[in-house]
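Here is what each chain is made of, one letter per residue.
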Amino acid sequence: MKDLPQERLNGIELNLTPEEIAKLRKALGREPSVCELVLFDIMWSEHCSYKSSRKVLRRYLPAHSSRVVIGPGEDAGVVRLARWNGRSFVLVVAHESHNHPSQILPVEGAATGIGGIVRDVYCMGADVIGVMDSLRFGDPFGENAEQVKEIVNGVIRGIWEYANALGVPNLGGDVFFDRRYDENCLVNVIAIGIAEEQEIIRSRVPPAARDEPYDYIIVGKPTDRSGLGGATLASRIIEGGAERNVGAVQIHDPFLKRVLTEATKAVLTFLRKSGVEIGFKDLGAGGIACAISEMASAGGFGAEV
């Protein structure tokens, strides 16, 4: 597998560059297997690692303050909000984009954007109180007007249908139209929640795992053929090739999500009363490999799968 040409990488649906494969080879101290290449392709994708935007975010969005309880690195950020009756309350905020999926399948792409971002807030132990969205679309009066209008209508529908099914209000947002977005709309969604500071759950394996064995428990909807390659889709250029990427967009199920949300709240309440220490993380586009490895690594552990 040494010195794999880019053409061969494209043939097995990888978005890793030759330079990234060389970096991976150096880190492992040997040639990576095809399975390892696929896993690192996911972990190093734009969706999972923000490899092109992380530098910009760090430069223009400082994340340190006396009110910041948890900064970047977990499912959502936590900011100290207020004290009331001797209790400290925090605001939990998560933000992500679902640009490519919304361009390909507007309703499903935008809906799963809402679904993913509210999970990030719920997984921190907070109760979601609303979502907001910042949208960028193409020119509705330009040469691609028909497609642009279809995307606009689909994205709006996906947002309100999913949020309504969850019982989560859309608190606000903004929209901007320009022909530069004809071939690649931007769908940025934000979820906010409220929690008591002492009840925040970390996106990591708890320290107690050093003294007794812990198991991963995965909960979600049945696995199907949709959403495959969803994480690495964010690292691709989709111009002219949207049709072949349709399978990478997950089919949403907001009513099952509502059931899972209510069940999760009940389980967390039980665990808090029982004094059981846990870690909790959204299993999103990065899948099982991403969630397990990130939770273990963040806690200073390895994992046996």
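For the structure, check the block above.
Residues numbered from 1 in each chain as written. Predicted model: local features only at pLDDT ≥ 70, side-chain atom pairs only at ≥ 80, totals over all residues. Heavy atoms only, no water.

Enquirer: Can you walk me through the overall build of the protein chain in this structure?
Expert: Scanning the protein chain from N- to C-terminus turns up 11 helices and six strands. When each of the 305 residues of the protein chain is scored for burial, the buried share is 39%. Taking as baseline every contact in the protein chain between residues at least 6 positions apart, the subset at least 24 positions apart corresponds to 74%. Accessible surface for the protein chain amounts to roughly 17400 Å². Of this, 55% is attributable to carbon and sulfur atoms. (Helix = DSSP H or I, 4+ residues; strand = E, 2+ residues; numbered from the N terminus. Buried < 20%, exposed > 50% of the residue type's maximum accessible area, 1.4 Å probe, protein only. Contact = heavy atoms within 4.5 Å. Areas by Shrake-Rupley, 256 points an atom, 1.4 Å probe, with all protein chains shown as cover.)

Enquirer: What's the story with empty space enclosed by the protein in this structure? I'm lost.
Expert: The method is simple in principle: a probe with the dimensions of a water molecule rolls over the atoms, and the space it marks as empty is what remains. Counted under the stated rule, the structure contains one cavity of 30 Å³ or more. For the largest cavity, the calculated volume is near 30 Å³. Around the largest cavity, the lining residues are Phe137, Gly138, Val148, Ile151, Val152, Tyr181, Asp182 and Cys185. Broken down by element, the residue count for the lining of the largest cavity peaks at three residues, all from helix α8 (residues 145-166). Taken together, the residues of the lining of the largest cavity sort by class into six nonpolar, one polar and one charged. (1 Å grid on protein atoms, 1.4 Å probe; cavity = no way out; pocket = protein on both sides within 12 Å on 5 of 7 lines; lining within 4 Å. Points joined across faces, edges and corners; volume = space filled by probe spheres on them. Nonpolar A, V, L, I, M, F, W, Y, C, P; charged D, E, K, R; others polar.)

Enquirer: Would you explain the packing of aromatic side chains in this entry?
Expert: Two measures describe an aromatic ring pair: the distance that separates the ring centres and the angle between the ring planes. The final tally for this structure, using the stated rule, is two aromatic pairs. Relative to tryptophan 44, the ring of phenylalanine 40 lies with its centre 5.2 Å away and its plane at 75°, an arrangement referred to as edge-to-face. Of the residues examined, phenylalanine 40 reaches a relative accessible area of 26% and is grouped as partly exposed. Under the relative-accessibility criterion, tryptophan 44 is labelled partly exposed at 23%. A centroid spacing of 6.0 Å and a plane angle of 35° characterise the contact between phenylalanine 137 and phenylalanine 177, whose relative ring orientation is tilted. (Phe/Tyr/Trp six-rings, centres within 6.5 Å; stacked < 30°, edge-to-face > 60°.)

Enquirer: Looking at this structure, I do not really get unusual backbone geometry. What am I missing?
Expert: Leave glycine aside and you will find that most residues have negative phi; peptide bonds, for their part, are mostly trans. Despite not being glycine, tyrosine 50 has its phi angle at roughly 50°, a positive value. Within the secondary structure, tyrosine 50 sits in the loop between α4 (46-49) and α5 (54-60). Overall, tyrosine 50 belongs to the partly exposed group, its relative accessible area being 30%.

Enquirer: How should I be thinking about the pairing of strand β2 (residues 77-84) in this particular structure?
Expert: On a regular strand, each side chain points to the face opposite its neighbour's, so the side chains alternate between the two faces of the sheet. Inspection of the sheet shows strand β1 (residues 68-70) paired to β2 by two bridges, in the antiparallel sense. Within the sheet, the bridge partner assigned to isoleucine 70 lies in β2 and is valine 78. Two elements, β2 and strand β3 (residues 87-97), share seven bridges in a ladder whose sense is antiparallel. Each residue of the ladder has a partner; that of arginine 80, found in β3, is valine 90. Turn length for the β2-β3 hairpin, with the two strands adjacent in sequence and antiparallel, is two residues, and the turn residue asparagine 85 shows positive phi of about 55°. (Pairing = 2+ DSSP bridges.)

Enquirer: Would you take a moment to explain the nonpolar core for this structure?
Expert: Generally speaking, a soluble globular protein has its nonpolar side chains buried in company with each other. Val92, Ile114, Val118, Val155 and Ile200 are the most contacted members of the largest nonpolar core, which has 34 residues in total. Elements with a contribution of two residues or more to this core: β3, α7 (106-122), β4 (127-137), α8 and β6 (186-196). Residues contacting valine 118, with those up to four places away along its chain left out, are Val128, Val131, Leu166 and Ala191. (Core = buried A, V, L, I, M, F, W, Y, C linked by side-chain atoms within 4.5 Å.)

Enquirer: Explain the side chain of glutamate 20 to me, please; I cannot follow it from the model alone.
Expert: In this fold, glutamate 20 is placed in helix α2 (residues 18-28). Of note is the side chain of glutamate 20, whose polar atom sits 3.1 Å from the side chain of lysine 51. Ignoring anything within four residues of it in the chain, the contact list for glutamate 20 reads Asn15, Trp44 and Lys51. (Polar contact = N/O pair within 3.5 Å; in protein donor to acceptor, adjacent residues only side chain to side chain.)

Enquirer: Please clarify how the pairing of β3 should be interpreted in this entry.
Expert: When β3 meets β6, the two strands line up antiparallel, connected through nine bridges. Paired with valine 92 across the strands is glycine 193, a residue of β6.

Enquirer: How do you make sense of the sheet that holds β4 when you look at a structure like this?
Expert: Consider a sheet: its strands pair through backbone hydrogen bonds, and that pairing is either parallel or antiparallel. As summarised here, the arrangement of the six strands in space is β1-β2-β3-β6-β4-β5, forming an open sheet in which the pairing is mixed. Among the strands making up the open sheet, the edge pair consists of β1 and β5 (170-177). The sheet shows a mean angle of 25° between the axes of neighbouring strands, taken without regard to direction. One ladder, built from nine bridges, connects β4 with β6; its direction is antiparallel. Across the sheet, the residue bridging to aspartate 127 is isoleucine 194, located in β6. Most of the contacts of α7 go to β6, to which it runs at about 25°, and overall it touches β3, β4 and β6. (Axes fitted to C-alpha atoms, helices over the stretch in contact; angles between N-to-C directions.)

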